[in-house]
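Report on the structure
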Amino acid sequence: MHIKQKILKEFHANPDQFVSGEYLSQACHCTRTAVWKHIEELRKDGYRIEAVRKSGYRLLGAPDAVTAAEITAGLSTELIGQTVIAYDSVASTQPLAHEAAGKGTPEGTLVIADQQTGGKGRLGRKWHSPQGTGIWMSLIIRPNIPLPKAPQLTLLTAVAMARAIEEQTSLPVQIKWPNDLLIGGKKVCGILTEMHAESDRIHYLVIGMGVNVNVTSDDFPEDLRQIATSLRMETGRVLRRASLIQAFCRHFEFYYLDYLQHGFARVRQEWEQKSYSLGRVVTVRTLHHTIEGKALGLDQEGVLLVVDREGRQHKVYSADIDY
Ligand code: BTN
């Protein structure tokens, strides 16, 4: 772990308190001069750090940065988010996550960028990812489950992110099948799951998440203003992105470990509770046909059940849905 990261961990472990230079030099295995240099670097990164002779250093304020140091400091998970690969600006975090996964990065690694210039959405769409305003990240996991169950992890991600957003904003979040998160009927988060697998074995999943955190109405292109929103627009507050990422990691880890041990039941139940889709009349467009009907629920496997006007039940695995 980098020294700056270690220093921030100590600040988070001792909130509002002075931490002595001596203590930091021991915790970081470096000299006190090195500590001082890294404190200066942290200040340049936007951290407000008070230094008082004989007392040491105290953290007064942190920037809204999505760096490895900010995300891992105070992170309470064992697995998810313990490794963070952070960039300022990239085309998309998805191919970078595939590359890192191919090189053997640990399960739970987050690949994150402050800006994406070619963000990818589902079904070949673009994902608008302006600088410094959102969470544009890809999570790598390596579940030992049969291939057909992989879509369950997208539903699990939606539940975990919905929980994290509710915890941080106190606003109710709904999930539109399969993986859009809505507040007040407008989209606040999208999820794009990609998989690397062969025959029946999953090598890894890359779960891409885009959360409109501090995006303003002016930041959205004209065509998105009616259908998209952000946490800032809904709460009237600027949120700290790293806190939301940490909350997501905690919730994801909880549901993921439960899922691996006990199966899909908990996620299914929570997904249905938060569902925007159930009970609604939907138009389902798959590659081959269009079905109009009412969304009934998820089956044991996480497949959406839709009943049409003739009372025939359809299983929807992958499709675009209109309401
Ligand atoms: C959708 O609703 O269409 C899915 C949007 C997924 C966007 C995220 S942002 C981080 C990751 N990198 C990308 O290029 N896309 C996903």
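Residues numbered from 1 in each chain as written. Predicted model: local features only at pLDDT ≥ 70, side-chain atom pairs only at ≥ 80, totals over all residues.

1. Here we look at the overall build of the protein
Counting secondary structure elements, the protein contains 9 helices and 14 strands. Relative to the 2.2 N^0.38 estimate, which gives 20 Å for 323 residues, the radius of gyration of the protein is 21 Å and therefore close to what a compact globule would have. By principal-axis analysis of the C-alpha atoms, the protein measures approximately 80 × 45 × 30 Å. Per-residue burial over the protein gives 39% buried out of 323 residues. Pairs at least 24 apart in sequence give 60% of the contacts found in the protein among residues at least 6 apart. (Helix = DSSP H or I, 4+ residues; strand = E, 2+ residues; numbered from the N terminus. Rg over C-alpha atoms; globule rule 2.2 N^0.38 Å. Buried ≥ 20, exposed ≤ 12 C-beta atoms within 10 Å, placed from the backbone. Contact = placed C-beta atoms within 7 Å.)

2. Describing the domain arrangement of the protein
How big an interface is tends to be stated in terms of the accessible area lost upon association of its parts. Parsing the protein into structural domains produces domain 1 (3-61), domain 2 (68-273) and domain 3 (281-322). Here the C-alpha centroids of domain 2 and domain 3 sit 25 Å apart. If you list the elements that add at least two residues to the side of domain 2 that touches domain 3, you get α6 (151-169) and α9 (265-273). Here the side of domain 2 that touches domain 3 is composed, by residue class, of 6 nonpolar, 1 polar and 3 charged. (Domains from an automatic or database assignment. Nonpolar A, V, L, I, M, F, W, Y, C, P; charged D, E, K, R; others polar.)

3. Structural notes on the site of the ligand
Surveying the vicinity of the ligand reveals 21 residues, the closest of which are Ser92, Gly121, Gly190, Gly208 and Gly210. Taken together, the elements giving at least two residues each to the shell around the ligand come down to α5 (93-102), β5 (134-141), β8 (186-198) and β9 (201-212). Across the shell around the ligand, the residue classes break down as 6 nonpolar, 11 polar and 4 charged. (Near = placed C-beta within 6 Å.)

4. What about unusual backbone geometry?
Note that the residue after tryptophan 177, namely proline 178, is joined by a cis bond; omega there is -5 degrees. Along the chain, proline 178 falls in the loop between β6 (174-176) and β7 (180-183). Even without glycine at this site, histidine 29 takes up a positive phi of about 55 degrees. The topology assignment puts histidine 29 in the loop between α2 (21-27) and α3 (32-44).

5. Structural notes on the UniProt feature "binding site: biotin" (unreviewed entry) in the protein
Feature annotation in UniProt assigns "binding site: biotin" (unreviewed entry) to the following positions: Gln116 and Lys187. As for its position among the elements, glutamine 116 is in strand β4 (residues 110-116). Among residues more than four places away in sequence, those in contact with glutamine 116 are Val90, Ala91, Ser92, Thr93, Ser129 and Trp136. Beyond its immediate chain neighbours, meaning those up to four positions away, lysine 187 contacts Asp180, Leu182, Ile227 and Ala228. (UniProt positions renumbered as here; feature names shortened; annotations may be inferred.)

6. Quick look at the sheet that holds β8
Across the sheet, which stays open at both edges, the 7 strands sit in the order β3-β4-β5-β9-β8-β7-β6 with mixed pairing between neighbours. Of all strands in the sheet, those bounded by a partner on one side alone are β3 (84-90) and β6. Put simply, the sheet's adjacent strands are angled 20 degrees from each other on average, direction ignored. In the sheet, β7 pairs with β8 via 3 bridges, with the strands oriented antiparallel. Bridge pairing in β8 links leucine 181 to cysteine 189. Strand contacts of α5: β3, β4, β5, β8 and β9, with the helix running at about 25 degrees to β5, the strand carrying the most contacts. (Pairing = 2+ DSSP bridges. Axes fitted to C-alpha atoms, helices over the stretch in contact; angles between N-to-C directions.)

7. Things to note about the packing of α6 against helix α8 (residues 241-262)
Axis separation between α6 and α8 bottoms out at 8 Å; the angle between their running directions is 140 degrees. Put simply, α6 runs oblique to α8. For the element pair α6 and α8, the recorded crossing hand is right-handed. Counted together, Leu156, Thr157, Val159, Ala160, Met161, Arg163, Ala164, Glu167 and Gln168 of α6 and Ser243, Leu244, Ala247, Phe248, His251, Phe252, Tyr255, Tyr256 and Tyr259 of α8 form the full contact between these two elements. Its residues assigned to classes, the contact of α6 with α8 shows 12 nonpolar, 4 polar and 2 charged. (Parallel < 35°, antiparallel > 145°, perpendicular 65-115°, else oblique. Left-handed = near helix turned anticlockwise from the far one by under 90°.)

8. A short note on the packing of α8 against α9
The geometry of α8 relative to α9 is characterised by a closest axis approach of 8 Å and an angle of 130 degrees between their N-to-C directions. By the angle between their directions, the pair α8 and α9 is classed as oblique. Where α8 abuts α9, its residues Tyr255, Asp258, Tyr259 and His262 lie against Ala265, Arg266 and Val267. Residue classes in the contact of α8 with α9 are distributed as 4 nonpolar, 1 polar and 2 charged.

9. Notes on the pairing of β4
Each regular strand carries side chains that alternate between the two faces of the sheet. Of all the 7 residues making up β4, 6 are buried; the element is thus mostly covered by neighbouring parts of the structure. The pairing of β3 with β4 spans 6 bridges and is parallel. Along β4, the bridge assignment pairs isoleucine 85 with valine 111. Between the parallel elements β3 and β4, the chain passes through α5 in a crossover that is right-handed. Alignment of β4 against β5, held across 4 bridges, turns out to be antiparallel. Counted as the bridge partner of alanine 113 is tryptophan 136 from β5. (Right-handed = clockwise from strand over helix to strand, strands pointing away.)

10. With respect to the nonpolar core
Of all hydrophobic cores here, the largest spans 80 residues; its most connected members are Ile7, Ile135, Ala158, Met161 and Leu181. When residues in this core are grouped by element, the largest group, 10 residues, is from α6. Other than its neighbours up to four places away in sequence, isoleucine 7 contacts Leu24, Cys28, Val35, His38, Ile39 and Leu42. (Core = buried A, V, L, I, M, F, W, Y, C linked by C-beta atoms within 7 Å.)

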